[in-house]
Amino acid sequence: MKMKVQYKEKHSLKKEIRHLPKYIPLAIWLIFTVAMIGWIFIASLSTTSEIYNDGLLQSGLHFENYLNVLQRHKLGTYFLNSIIYCAAGCAGVILIASPAAYVLARIQFKGKNLVNNIFVVGMSIPSVMLVMPLFKMATSLGLVGSRWVLIILYICVNVPFGVFFLSGFFISLPKALEEAAEIDGCTPSKAFWKIMFPLAQPGIVTLTIFNFITIWNEYFMALIFANKTELRTVSTGLQAIVQSMKYSGDWAGLFAGVIIVFLPTFVLYIFLSNKIIAGVTGGAVKE
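Residues numbered from 1 in each chain as written. Predicted model: local features only at pLDDT ≥ 70, side-chain atom pairs only at ≥ 80, totals over all residues. Heavy atoms only, no water.

Asks: It is not clear to me how helix α11 (residues 201-217) should be interpreted in this structure. Could you clarify?
Replies: Over its 17 residues, α11 runs 24 Å from end to end, which matches the ideal 24 Å to within 8%, given 1.5 Å per residue. Among all positions in α11, only G203, I204, T206, L207, I209, N211, F212, I213, I215 and W216 are buried. (Helix = DSSP H or I, 4+ residues; strand = E, 2+ residues; numbered from the N terminus. Expected span 1.5 Å × (residues − 1). Buried < 20%, exposed > 50% of the residue type's maximum accessible area, 1.4 Å probe, protein only.)

Below is the structure:
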């Protein structure tokens, strides 16, 4: 019996050693990423002269770098703007995409395939191609220079993927739930909001995370449509800070700004990684 156990242990150990080379590229990438982010974080707490002289943290921790970049370079305003854009954009996508995905997934009607194909085509069109006609439309409507135009664009651009993503979750839900709701006197819309929508929460949470990261890091549309300082996002604001470094030379403040911009997405991945994985795989199996 002991020989069998020892044989199994040796066999499993050999199997693990055999698969070890597969993880070497991942380990190299992880070490490089951690080292790079760690250096930026340490540089954000040093002075500019220490960064140039390769003597990080020699004079102690300089948390004032974060205060300077938030106040002097207005990164605090850009940060708040991005929070507003992300919150409004994510909420708008969920409110539009979830009912549309439910209808396309659960209800049969004429032209259903055509509507599905339209969403797929809309998802495949690069947003860069839409900027010039959208800018002309926004100018004619007098929306340029307003937060609303960017919020509307973020919603419209991300709705096709939201519909495509959530359709798999609604397809996987049991049909018996709708039948039970109908017997209890629920209308289709009431059954959706009270029963089906809560059951699709894993997919909705995952879609919200994806949309938040997409909107938070979006640059080109924000550059074109948020053309006022008070409307800038963190991505365009950070680029403006980089340009100002040519004259101010506050590189420690720049690295502090990079950490501030990077922090929200990092926190999302750290605390919600399990929900992201569960949400991505949750609609893969049909009940």
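Asks: Is there a simple way to explain the environment of L207 in this structure?
Replies: Note that L207 resides in helix α11. The exposure class assigned to L207 is buried, which follows from its relative accessible area of 0%. When the C-alpha positions of L207 and N158 are compared, they lie 9.9 Å apart, and in sequence the two are 49 residues distant. Not counting the four nearest positions on each side in its chain, L207 is found in contact with V93, I94, F161, G162, F165 and L166. (Contact = heavy atoms within 4.5 Å.)

Asks: Help me understand the confidence of the model for the protein chain, please; the structure alone is not making it clear to me.
Replies: Looking at the protein chain as a whole, its pLDDT mean stands at 81, while 87% of the residues score no less than 70. When mean pLDDT is compared element by element in the protein chain, helix α5 (residues 75-106) scores highest at 91, while helix α1 (residues 2-19) scores lowest at 54. A low-confidence stretch, residues 1-7 (pLDDT under 50), is modelled with 0 contacts involving residues beyond four sequence positions or located in other chains. (pLDDT = per-residue confidence, 0-100.)

Asks: Looking at this model, I keep getting lost on the nonpolar core. Mind explaining?
Replies: For soluble globular proteins, nonpolar side chains are generally found buried alongside one another. Counting 61 residues, the largest nonpolar core has L75, Y85, L150, L166, F170 and F225 as the members making the most contacts within it. Not counting the four nearest positions on each side in its chain, L150 is found in contact with Y85, M221, A222, F225, A226 and T233. (Core = buried A, V, L, I, M, F, W, Y, C linked by side-chain atoms within 4.5 Å.)

Asks: Sorry if this is basic, but what is going on with unusual backbone geometry here?
Replies: The phi angle of most residues is negative, glycine excepted, and most peptide bonds adopt the trans form. Phi angles above zero are rare outside glycine, and L57 is one such case at about 65°. Structurally, L57 can be placed in the loop between α3 (48-52) and α4 (64-71). At K74, a residue that is not glycine, the phi angle is positive and equals roughly 60°.

Asks: It is not clear to me how the side chain of N158 should be interpreted in this structure. Could you clarify?
Replies: In this fold, N158 is placed in helix α8 (residues 147-172). N158 gets classed as buried once you look at its relative accessible area, which sits at 10%. At 2.7 Å, the side chain of N158 forms a polar contact with the backbone oxygen of Y154. Those residues in contact with N158 that sit more than four places away from it in its chain are V93, N211, T214 and I215. (Polar contact = N/O pair within 3.5 Å; in protein donor to acceptor, adjacent residues only side chain to side chain.)

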